[in-house]
Structure formats: structure tokens, C-alpha cells
Amino acid sequence: MAAEIRTFTCLNDNFGYLIHDPATKATASIDAPEAAPIIKALEREGWTLTDILVTHHHGDHVGGVAELKQKFNCRVVAPHDKSTKIANVDLRAGHGDVIKVGSLLVRVLETPGHTLDHISYVFDGEKAVFAADTLFSIGCGRVFEGTYPMMWDSLLKLRALPNDTRVYCGHEYTASNVKFALGIEPNNPALKKRAEEVAKLRAANKLTIPSLMRDEKEANVFLRADVPAVATALAMSGKTPAEVFGEIRERKNRA
Ligand SMILES: [Zn+2]
């Protein structure tokens, strides 16, 4: 039986995610921006929370951990953060670790840059990645703690996942990301297609997530810093992909 994934909103623009294993009835929440909408989603499905998979220490990803831990006595999996801002951790996960949610196998990718502790969770069997604030649809997270080369390297790790991987990210920023990306690649057909799709979804008050890795590779300018046409559009021909990526990120910071 295939795993079931539920997507909903938390706080202002964070996503809440539940992934449920019908075989064992295990259910994981990816991050815990706040407890109430997660509890509501669990009740709606009749699921019990067994695990919280934390991606990084920011408050809008861990704010609900303590309350959920108390209510469900679930396992909290988190990266090896030096900030110790993530409370109630049962298991520290690092690169290459494979953990289990019920019978589902979850592979840990270290994807630092946004924060130094940021990890992403890959469910290979379900063809799904939870990339939180490293990779957004048509965007990427701000580089708060790491460097641009470090963030570029993290994006390459995600980009190496199969084309049919569904990408579940941390925030609903897609519409603003599309607007920004069109400023650099106005004639990219994949981006124009995604722009139309996102406009329709937002007009219908629907979420733009998940997207497919194939579409991100073709339309997400932050994953395309090594495409010569992108460097040319930025008058950066001959620069390294990490330098081109840094310039794109700087421009987005100012946008
Ligand atoms: Zn964050």
C-alpha cells in the first residue's frame, strides 16, 4: 500500500505535511510549525502521530514540537544542530542515514546553506522529497548561515533526485518566485507554463505544492545557475555556477 501524504497550511505561509504508512499506521509530521493545524489534520484522518522529522532549527519549523511531543509521545528526529534550539530530540540524523517511519524508509540529505543544520528527507519508495527551506518551487531559501557555494552544492544534491520526485517545500512562495524568475528567463517555456499553472492554482485558492523535480530543473532559475543561457542573461558568462547562483540569490534578496 502506498504512503498517503496530506498537505495543509500553518502560520502565515508555512506548509504542514503528514505522511502516513497504511501498513503500520505510523504517521510522521515533517516539521511542526504549530501544533493546532497538525492535530486537526491528524483528527480529520484518524491518524496518530508517531514521528516528527525536523529539517532545521527555525522557529516556524519547530514551534509545535514540544506540544506534539507531549500529546503523542512521538519520536522527534532532528539534525545535529549546534544551536540546540530544537527541544525534545530523540534521534539525531545526518547525511546518508536511513531512518524508518513505520515501514517507510527515509533517507537523510544534509542540505546546509539556509541554516548550517538544514537536512532534507527523501522517501525514495514514495518518490517524494521534503526540502523545507532549501528548495522552494521556482525558488530557494535565503542563505542565512551558510555560503553561496554551500547552498549551490545542497541544491545540486536535490537536483540529482529522479525527475519524477515530488518536491514538498517549506513555504508557499511560488507565485512571487515565478514573478522573479521570469525577470531573468522571460522566454523559458517551462517557466511560462509553470507561471500559468500557478496563477490558476492561486486564483482557485489552491496550493502550488507538490511540484515535480523535472519541472523544477527546467523552470527554477536557482537550479539553473550552470545553464549557459542563465549566466548570459546575467552578463556572467565564464563565471562559476556558484557565483551565478550567488548573484541570482542576491537579486532575489533585493527584489
Ligand atoms: Zn527556515
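These figures come from a predicted structure and were not determined experimentally. Counting from 1, residues in each chain are numbered in the order their sequence is written. Whole-chain, interface and lining totals are the exception, using all residues; otherwise, since this is a predicted model, local features are given only for residues with pLDDT of at least 70 and side-chain atom pairs are given and counted only at 80 or more. For side-chain calculations, the full set of non-hydrogen atoms in the structure is used, while hydrogens and water are omitted.

Colleague: Just checking my understanding: could you explain the overall build of the chain for this structure?
Modeller: A run of H or I in DSSP counts as a helix once it spans at least four residues, and a run of E counts as a strand once it spans at least two, with each numbered from the N terminus. When helices and strands are counted, the chain shows nine helices and 14 strands. For the radius of gyration, the atoms used are the C-alpha atoms, and the globule rule reads 2.2 Å times the number of residues raised to 0.38. By the compact-globule yardstick of 18 Å for 255 residues, the chain fits well, its C-alpha radius of gyration being 18 Å. Taking the principal axes of the C-alpha coordinates as reference, the chain spans close to 55 × 40 × 30 Å. Here the chain, with 255 residues, has 53% of them falling under the buried criterion. In this description, contact between two residues means that some pair of their heavy atoms is separated by no more than 4.5 Å. A separation of at least 24 residues holds for 59% of the contacts in the chain among residues at least 6 apart in sequence. Residue-level accessible areas treat just the shown protein chains as cover; the underlying method is Shrake-Rupley with a 1.4 Å probe. A total accessible area of about 11,000 Å² is found for the chain, and carbon and sulfur atoms account for 51% of it. With 32 positive and 32 negative side-chain charges, the chain shows a spacing of 3 Å between the two charge centroids. Buried, partly exposed and exposed residues are distinguished by accessible area as a fraction of the type maximum, computed with a 1.4 Å probe on protein chains only: under 20%, between the cut-offs, and over 50%, respectively. His residues and chain termini do not enter the charge count, which takes Lys and Arg as positive and Asp and Glu as negative. We put the charge of a Lys on NZ, of an Arg on CZ, of an Asp on CG and of a Glu on CD.

Colleague: How do you make sense of the environment of Val77 when you look at a structure like this?
Modeller: Along the polypeptide, Val77 turns up in strand β5 (residues 75-79). Taking the relative accessible area as the measure of exposure, Val77 reaches 0% and is therefore buried. Sequence separation of Val77 and Leu49 is 28 residues, and the distance between their C-alpha atoms is 13 Å.

Colleague: Teacher, can you tell me more about the coordination of the zinc ion here?
Modeller: Reference geometry at the metal: tetrahedral coordination by four donors gives ideal angles of 109.5 degrees; octahedral coordination by six donors gives 90 or 180 degrees. Coordination of the zinc ion by the protein is provided by His56 (NE2), His58 (ND1), His114 (NE2) and Asp133 (OD), with metal-donor distances spanning 2.2 to 2.3 Å. Atoms are scored as donors when they are N, O or S and lie within 2.8 Å of the metal, with 3.2 Å used for Na, K and Ca; no water is included, so coordination may look incomplete. In these descriptions, tetrahedral denotes four donors with every angle between 85 and 135 degrees, square planar four donors and octahedral six donors with opposite donors over 155 degrees apart and the rest between 65 and 115, and irregular any other case. Each of the four donor atoms around the zinc ion contributes to a set of angles spanning 89 to 170 degrees, which defines the coordination as irregular. Counting the intervening residues between successive donors of the zinc ion yields the motif H-x1-H-x55-H-x18-D. Here His56, found in the loop between β4 (51-53) and α2 (59-62), pairs with Asp133, found in the loop between β10 (128-132) and β11 (135-136); they are 77 residues apart in sequence, far enough to count as distant. Residue His56 shares its accessibility class with Asp133, and that shared class is buried.

Colleague: Is there a simple way to explain the nonpolar core in this structure?
Modeller: The tendency in soluble globular proteins is for nonpolar side chains to be buried side by side. As used in this record, nonpolar core signifies buried Ala, Val, Leu, Ile, Met, Phe, Trp, Tyr and Cys residues forming a set joined through side-chain atoms within 4.5 Å. One finds Leu135, Leu158, Val221, Phe222, Val244, Phe245 and Ile248 to be the most contacted residues of the largest nonpolar core, which totals 35 residues. Of all elements in the fold, only β10, α4 (148-159), α5 (174-184), α6 (189-203), α7 (213-219), α8 (228-233) and α9 (241-254) reach the threshold of two or more residues within this core. Val221 has contacts with Phe180, Ala181, Ile184, Glu185, Val230 and Ile248, leaving out every residue within four places of it along the chain.

Colleague: Explain the sheet that holds strand β1 (residues 4-10) to me, please; I cannot follow it from the model alone.
Modeller: Sheet strands line up and pair through hydrogen bonds in the backbone, either parallel or antiparallel. Across the sheet, six strands lie side by side as β1-β2-β3-β4-β5-β6; this open sheet has mixed pairing. Looking at strand neighbours, the two that pair on one side only are β1 and β6 (91-93), the edges of this open sheet. Across the sheet, the mean angle from the axis of one strand to that of its neighbour is 25 degrees, orientation sign disregarded. The pairing of β4 with β5 spans three bridges and is parallel. Opposite Ile52, over in β5, you have Val76 as the bridge partner. Comment: axis = line fitted to C-alpha atoms, over the contacting stretch for helices; angle = value between 0 and 180 degrees taken between N-to-C directions. This element, helix α1 (residues 35-45), spans β1, β2 (14-21) and β3 (26-30) of the sheet and lies at about 145 degrees to β1. Pairing between strands is defined by DSSP: at least two bridges between them are needed.

Colleague: I would appreciate a short explanation of helix α3 (residues 65-72) in the present structure.
Modeller: Side chains that are three or four residues apart share a direction in an α-helix, a result of its 3.6 residues per turn. Every buried residue belonging to α3 is among Val65, Leu68 and Lys69, and all of these are buried. The buried residues of α3 occupy an angular sector of 100 degrees when projected down its axis, which confines them to one face. Where α3 ends, the next residue or the one after it, Asn73, has phi of about 50 degrees, a positive value. By construction, the arc corresponds to the directions joining the helix axis to the C-beta atoms.

Colleague: Looking at this structure, how should I read unusual backbone geometry?
Modeller: Leaving glycine aside, a negative phi is the common case for residues, and trans is the common case for peptide bonds. Each neighbour pair has its own omega, and for Ile209 with Pro210 the value is 0 degrees, a cis peptide bond. Positive phi values are uncommon outside glycine, yet Leu11 reaches one of about 50 degrees. Among the secondary structure elements, Leu11 is positioned in the loop between β1 and β2. Take Leu11: its relative accessible area is 43%, and that puts it in the partly exposed class. Non-glycine residue Ala132 carries a positive phi angle of around 45 degrees. Checked against the element boundaries, Ala132 lands in strand β10.

Colleague: Before we go on, may I ask you to explain the packing of aromatic side chains in this structure?
Modeller: One pair of aromatic rings is described through two measures. These are the centre distance and the angle between the planes. Ring pairs shown here join Phe, Tyr and Trp side chains whose ring centres sit within 6.5 Å, with only the six-membered ring taken for Trp; geometry is labelled stacked below 30 degrees between planes, edge-to-face above 60, and tilted in between. Applying the stated criterion across every chain yields a total of 10 aromatic pairs. On the numbers, 6.1 Å between centres and 75 degrees between planes, the contact of Tyr148 with Phe245 is edge-to-face. Highlighted residues: Tyr148 in helix α4 and Phe245 in helix α9, separated in sequence by 97 residues. Residue Tyr148 is classed as partly exposed on the basis of its relative accessible area of 22%. A ring pair is formed by Phe222 and Phe245, whose centres lie 6.3 Å apart and whose planes are at 70 degrees; its orientation type is edge-to-face.

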